[in-house]
Amino acid sequence: MVSKKKVRIIFNVGLLLVSVWTIAESYALSIGSVNDPGPGFLSFFAAIFLGILTLINLGKILVTSANELAFSSYKNTKNLFYTVLIIFFSTLLMNRLGFIIISALFMTCLLRFVGKQKWSSTFAITGATVISSYLIFKLILKIQLPVGLLGF
Amino acid sequence: MDIISNLLLGFSIVLEPINLLFCFLGALFGTLTGVLPGLGPVGAMCMLFPLTFKFSPVTGIIMLSGIYYGAMYGGSTTSILVNIPGEAASVVTCIDGHEMAKKGLAGTALGIAAFGSFIAGTFGVIVLMLLAPPLANFALKFGPPEYAAVMIAALTIVTYLAKGSMLNAWMMVVFGILLGTVGVDIFTGLERFTLGIPALRDGLGMAPVVMGIFGLGEIFINIEEQIGKANILKTEIKKLLPTLQHWKESAWPIFRGSILGFFLGLIPGGGAVIASFASYALEKKVSKHPEKFGAGAIEGVAGPESANNAATAGAFIPLLSLGVPSNVVMAILVGGLLVHGVQPGPLLISEHKDIFWGVIASMYVGNMMLLVLNVPLIPMWVKVLKIPYPILFPLIILFCIVGVYSISFDVAEIYIMFIFGLVGYLMKKCDFEGAPLTLAFVLSPLMENAVKQSLKMSDGSFSIFFERPISAVLLGIAFLSVITTILPWVRTKVLEFKSKTVEKATD
C-alpha cells in the first residue's frame, strides 16, 4: 500500500511542475513592466510564489515521517479506479452513442460493478433514472442532450 | 419608507408563481442535500446551476439561495438522528443533538433546531436588508486600488481561517489565482495557458471546477472510504413543538447565536461552519452548567443551529454590497449573476432592484416555507437517509455530468470537471482545502484587473495602495492576519530551539 507521505510528495511535485511551466509560459507571454503590466504579469509572480511555497511544503513533508497509509483498502481503491474509468469512457463515447445509451450503460456499470447491486435492482434503478432524467432534462427543461445512435 | 416600498417590490416578485415554485424547490432540494451526508450545498448548487440559465436571473438566484439556507436546515436532521453531520455546519449539532435523541428527545431537538433556524434566518435577513444598501453606497467610493485591497484582504483572511495548515491554504490560494488566469487576456487579447484547447479560450468554467473539486472529489473519497450503513436511531419522533421550559433554555442561545452567526458570516472564509462552532463554545462558556454540554444540552443545539442560519444571511452582504464572495456558495451565486450579465457589486442594489429585493423577500418566504415544511417532513427525511450510498452516488455523478454538459454543450467541460474531481480527491488526501482555491479562482480575474488598473493609474507605483485610506486599512487587516499566524509559530520554534540548546548544554 502507498503511504500518505508518498501521495503528498507526488501532489507537491505536480504543483511544482505547474509553477515551473507557468513561469516559463508567463515569461514567453511577456510580463511587461510595473507601469504597464503584460498578460503574464500576475501569473508569473503567482507561479514564483507557488513554487517557493511548494518547496517549503516538500521540505516539511520530507522531514516529518508519517507512516499513515494513503488508501483505506485495496478493494475500495479498486472501486474508485472502476468509477474513474467508467466516467472517462462514458464521456469519451457520449457524443457517439448519445445520452440515453450512455446514461444506461453508465448507471448499469456503476450500480452493478461498483455499488454491487443485484441485476434486478440495477436494471430497475437504471431504467427509472434514464427515463426520468430524459423527461426532466430533455422534455421539460429542453436541454440539448447528445442524440447519438438512437436519433433522439 | 424606502425600505418598505422596496421590500413590497421584492414580495411582489417572489410571490409570482414561478419564483414561488423555485423558492420552494430550492429550499426543498437544499434540505434534501443537507440531510444526505456527503452532498453539501456547494455540490447541490453546482448540480442545479445550469438550470438557472433557463430562467430570469432573479428566479435563478432565488433557487440557488434556497438551496443554501435549506441545506443549513436539513443538516441538523442527520446530525440529530444519525450522529453524522449532513453538512459541515452541522458537525457541532451531533454532540448534543444526538445525545438528546438517545434520551428520547429527538423531536424536541429537531423542533428547536427548526425554530432556532427560522428565528435566526429571519433575523439575518432583516439585518441584511438594513445593512446592505448603505454598505453598497459606501462601496461606490471604491476604485481599483480599494477593490484590489478588498480581494487581497479576503484571500488572506480565508487562509487565516483555514482548518488545516496555513501553508497549504496559501498554496491553494495561489493555485486558484493561476487557474483564474487561464483564457484570453482582456487587455491584450492573447491566449494564456489554453494548451490550444478551444474550450479553455474563455477560461476555466466555474461550474466544472467547483463541481469537480466539491462534487466528484467528495464522491471519490466516499467511494474509496466506503461509507458504512447509516445507523439511524430507532426512536419515535414525537413532541416536535418545544415546551415552555425548552423555550426558556433556548431563547438566549438563539439570540446570541443569531448575532454571532450573522457577523461571522460577513467574514471571508468564515461562514456557517465557524459560526456554529463559535456559538457552541460561547454557549458552553456562558452556561451555568457547562457539564451538561455533550450529554444532551438543548443550548448546544439551539445556539449552533441558529448561528449557522444567521451566517448564511451575513454571507450575502459582501456579495451584494461589494461584489466580493465571502465563501464558495457565494462564488457560485456570482457565477449565477454573471451568466445573466448582472455584475455583482455596489450598483446591483440600485440597477437591479428586482434581484436584490426579490432575493431578500424570497429569504423571508423560504424561511417560512422551511419551518412549515420541515417539521412534518422529518419522517420523509428519515426514509431518504435509508437510501444506500452505492445507489445514490451514480445518480449524483450522472446529474453532475448532465449539469456541466448543459452549460455549453461541450464534452470538454465534463473532462475539466473530471480532472478537477481527481485534483479534489488528491487535495483531500493531502489535507488541502477546496475553499481557498475556489475563492481565489473566482476572485483572480477581478483582482488582476484591479491590480493592473491601479498600477496604470499610479504609473507603476505601489504606493497607491497605501496612500488611499480604505485600501491602506484593508491591506493592514491582511497584514495583521498574516502576522498573527506567523508570530506564534516563530515563537514556538524559538522556544523549541532554546529548550534544545539548554538540553544539550546540560548534557
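Thresholds applied
Residues numbered from 1 in each chain as written. Chains lettered and ligands numbered in written order. Predicted model: local features only at pLDDT ≥ 70, side-chain atom pairs only at ≥ 80, totals over all residues. Helix = DSSP H or I, 4+ residues; strand = E, 2+ residues; numbered from the N terminus. Buried ≥ 20, exposed ≤ 12 C-beta atoms within 10 Å, placed from the backbone. Rg over C-alpha atoms; globule rule 2.2 N^0.38 Å. Contact = placed C-beta atoms within 7 Å. Core = buried A, V, L, I, M, F, W, Y, C linked by C-beta atoms within 7 Å. Domains from an automatic or database assignment. Axes fitted to C-alpha atoms, helices over the stretch in contact; angles between N-to-C directions. Parallel < 35°, antiparallel > 145°, perpendicular 65-115°, else oblique. Left-handed = near helix turned anticlockwise from the far one by under 90°. Nonpolar A, V, L, I, M, F, W, Y, C, P; charged D, E, K, R; others polar. Expected span 1.5 Å × (residues − 1). pLDDT = per-residue confidence, 0-100.

### Thoughts on the overall build of chain A
- Looking only at helices and strands, chain A features five helices and zero strands.
- By its C-alpha atoms, chain A is 60 × 45 × 20 Å across when sized along the principal axes.
- Expressed as a percentage of its 152 residues, the buried residues of chain A come to 33%.

### Quick look at the overall build of chain B
- A count of helical and extended segments in chain B gives 21 helices and two strands.
- Here the C-alpha radius of gyration of chain B, 23 Å, is about what a compact globule of 507 residues would show, namely 23 Å.
- With the principal axes as the frame, chain B shows a C-alpha extent of 80 × 70 × 50 Å.
- Here chain B holds 507 residues, and the buried ones make up 59% of them.
- Taking contacts inside chain B between residues at least 6 apart in sequence as the whole, the part at least 24 apart equals 79%.

### Here we look at the nonpolar core
- With 202 residues, the main nonpolar core has B:Met45, B:Met151, B:Val210 and B:Ile332 as its most contacted residues.
- When we break this core down by domain, the ones giving at least three residues each are domain 1 (4-63) and domain 2 (74-147) of chain A.

### Observations regarding the interface of chain B and chain A
- Of the residues lining the interface, 44 residues belong to chain B; the matching set on chain A comes to 51 residues.
- Of all the secondary structure elements, the ones that give two or more residues to the side of chain B that touches chain A are helix 8 (166-180), helix 9 (206-225), helix 17 (389-408), helix 18 (411-429) and helix 19 (434-457) of chain B.
- Among the elements that make up the side of chain B that touches chain A, the one with the highest residue count is helix 17 of chain B (eight residues).

### Comments concerning the packing of helix 14 (residues 328-339) of chain B against helix 19 of chain B
All names here are of chain B.
- Direction vectors running N to C along helix 14 and helix 19 enclose 30°, while the axes themselves pass 9 Å from each other. As far as their axial angle goes, helix 19 and helix 14 are roughly parallel. Seen along the crossing, helix 14 lies across helix 19 with a hand that is left-handed. The segment helix 14 lies against helix 19, with Val328, Ala331 and Val334 engaging Ala435, Thr438, Leu439 and Val442.
- In terms of residue class, the contact of helix 14 with helix 19 is built from six nonpolar, one polar and no charged.

### With respect to unusual backbone geometry
- A positive phi angle is found at A:Lys116, which is not glycine, with a value near 55°.
- Here A:Lys116 shows up in the loop between helix 4 (99-114) and helix 5 (119-140).
- Judged by local crowding, A:Lys116 falls into the exposed class, with 10 C-beta atoms found within 10 Å.
- In this structure, B:Leu195 is a non-glycine residue whose phi angle is positive, near 55°.
- Summarising the element assignment, B:Leu195 is placed in the loop between strand 2 (191-192) and helix 9.
- For B:Leu195, a count of 8 C-beta atoms within 10 Å corresponds to the exposed category.

### A closer look at the domain arrangement of chain A
- As far as domains go, chain A holds domain 1 (4-63) and domain 2 (74-147).
- Placing the centre of domain 1 of chain A and that of domain 2 of chain A at their C-alpha centroids yields a distance of 38 Å.

### Some thoughts on helix 9 of chain B
- Helix length check: helix 9 of chain B, at 20 residues, gives a terminal C-alpha distance of 27 Å against a target of 28 Å (1.5 Å per residue), a fit within 8%.
- The buried count for helix 9 of chain B comes to 17 of 20 residues, which makes it a mostly enclosed element.

### Concerning the environment of B:Glu87
All names here are of chain B.
- Among the structural elements, Glu87 can be located in the loop between helix 4 (57-82) and helix 5 (91-102).
- Along the chain, Glu87 and Gly74 lie 13 residues apart, while their C-alpha atoms are 8.5 Å from each other.
- Contact partners of Glu87, with chain neighbours within four places excluded, come to Gly34, Gly40, Pro41, Ala71 and Gly75.

### Notes on the environment of B:Lys500
Residues and elements named next belong to chain B.
- Here Lys500 shows up in helix 21 (residues 469-506).
- Since 10 C-beta atoms lie within 10 Å of it, Lys500 is described here as exposed.
- For the pair Lys500 and Ala440, spaced 60 residues apart in sequence, the C-alpha to C-alpha distance is 40 Å.

### A word on the confidence of the model for chain B
Residues and elements named next belong to chain B.
- In this model, chain B carries an average pLDDT of 84, and 95% of its residues clear a pLDDT of 70 or more.
- Mean pLDDT across the elements of chain B bottoms out in helix 3 (residues 41-48) (79) and peaks in helix 8 (93).
- Here the predicted complex carries an ipTM of 0.92, next to a pTM of 0.82.

### A closer look at helix 3 of chain B
All names here are of chain B.
- Taken across its eight residues, helix 3 has eight buried, putting it largely inside the fold.
- What helix 3 keeps buried is the set Pro41, Val42, Gly43, Ala44, Met45, Cys46, Met47 and Leu48.
- Each element contacted by the buried residues of helix 3 is listed here: helix 2 (17-35), helix 4, helix 9, helix 14 and helix 17.

### With respect to the environment of B:Glu225
- Mapped onto the secondary structure, B:Glu225 falls in helix 9.
- Residues B:Glu225 and B:Tyr73 lie 152 residues apart in sequence; the distance between their C-alpha atoms is 27 Å.

### As for the packing of helix 5 of chain B against helix 12 (residues 299-314) of chain B
Residues and elements named next belong to chain B.
- With their axes 8 Å apart at the nearest point, helix 5 and helix 12 run at an angle of 145° to one another. Handedness of the crossing formed by helix 5 with helix 12: left-handed. Residue-level inspection shows Val92, Thr93, Ile95, Asp96, Gly97 and Met100 of helix 5 in contact with helix 12, the latter providing Gly300, Val301, Pro304 and Glu305.
- Here the residues of the contact of helix 5 with helix 12 sort into five nonpolar, three polar and two charged.

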